[in-house]
Amino acid sequence: MQPASFPLSSNSLLPSFGSNTIFSPLRFRRLFPRIAYSSSSLVPTNHYQNYRLAPTTLRSTASDSVPAPEMALTDGQDPRIARISSAIRVIPNFPKPGIMFQDITTLLLDTKAFKDTIDLFVERYRDKNISVVAGIEARGFIFGPPIALAIGAKFVPMRKPNKLPGEVISEEYSLEYGTDKMEMHVGAVQPGERALVIDDLIATGGTLSAAIKLLERVGVHVVECACVIELPELKGRERLVDKSLFVLVNAA
Ligand SMILES: O=P(O)(O)OC[C@H]1O[C@H](OP(=O)(O)OP(=O)(O)O)[C@H](O)[C@@H]1O
Ligand SMILES: Nc1ncnc2[nH]cnc12
């Protein structure tokens, strides 16, 4: 039996920025200036309603401020990461004015980048005794199942209210204005199981923290949360408190 929290240390395949992030936009801009992310600032107000475009240009990200030795690791960065990052499209003003929407549908069109994304997660989580991959609606349903199949875990959907047909347990979580709810089928997981929670993106962290609470309420050990993209300005990572978060790309 493995210890409750195994060390997910970085290795040569998956260099880290100190936090569990393996891509920084600053370094990416240096390497690929023509396909760098739009340099928006994101200022939180509430959930989606909130990624207001501030009228500034470049700004540093959390990843930019990590100590030099950690940055040096990225020189040997896995070449798959740059392709994944460049395959993600940013759509300004969707679904509301001021929001820079990180659109992963273009990543799904790039068969190599999509496969690399899944492979990077599988390389990290195989042999970690994970029996549950919990995917968050909607885009966690895209990345979760192939990872679950590859590591020999079951896939458990974490859904928005009134979508699951069976008996559910729910967890309400707060947005800046109002609340939302996440649901999971009763009996989908058993106490003592080890879970990975997967979504496409972490912004404020409210969604992931609700998923963690839901799983922990029924005695599941959440080994780690994983996302393709992090919006570091929104500090969602802090909301996960002591839970480890692994992301592939930081969007600034
Ligand atoms: O970290 P948070 O601030 O909680 O935000 C992250 C969530 O927001 C997005 O989903 P969205 O709410 O757009 O729902 P959808 O996947 O159904 O479109 C994203 O896919 C995450 O699930
Ligand atoms: N900027 C963003 N792009 C995509 N999904 C999001 N969820 C919350 N903020 C988002």
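Structure first, text after, so check above.
Bear in mind the structure is a predicted one, so any value in this text is a computation, not a measurement.

Enquirer: Even after reading the chapter, I still don't get the packing of aromatic side chains, so can you show me in this structure?
Expert: Describing an aromatic ring pair means giving the distance of the ring centres and the angle of the ring planes. Tallying each qualifying case throughout the model produces five aromatic pairs. Centroid distance Phe94 to Phe101: 5.1 Å. Interplanar angle 85 degrees. Geometry classified as edge-to-face. The exposure class assigned to Phe94 is partly exposed, which follows from its relative accessible area of 44%. With a centroid separation of 6.0 Å and 80 degrees between ring planes, the pair formed by Phe121 and Phe246 is classed as edge-to-face. Here Phe121, found in helix H5 (residues 111-125), pairs with Phe246, found in strand E12 (residues 245-250); they are 125 residues apart in sequence, far enough to count as distant. Each of the two residues, Phe121 as well as Phe246, counts as buried. Here the aromatic residues Phe121, Tyr125 and Phe246 are joined through ring pairs into a cluster of three or more. Note that Arg124 overlies the ring of Phe246, its terminal NZ or CZ placed 3.9 Å from the centroid.

Analysis parameters
Residues numbered from 1 in each chain as written. Chains lettered and ligands numbered in written order. Predicted model: local features only at pLDDT ≥ 70, side-chain atom pairs only at ≥ 80, totals over all residues. Heavy atoms only, no water. Phe/Tyr/Trp six-rings, centres within 6.5 Å; stacked < 30°, edge-to-face > 60°. Buried < 20%, exposed > 50% of the residue type's maximum accessible area, 1.4 Å probe, protein only. Helix = DSSP H or I, 4+ residues; strand = E, 2+ residues; numbered from the N terminus. Lys NZ or Arg CZ within 6 Å of the ring centre and 35° of its normal.

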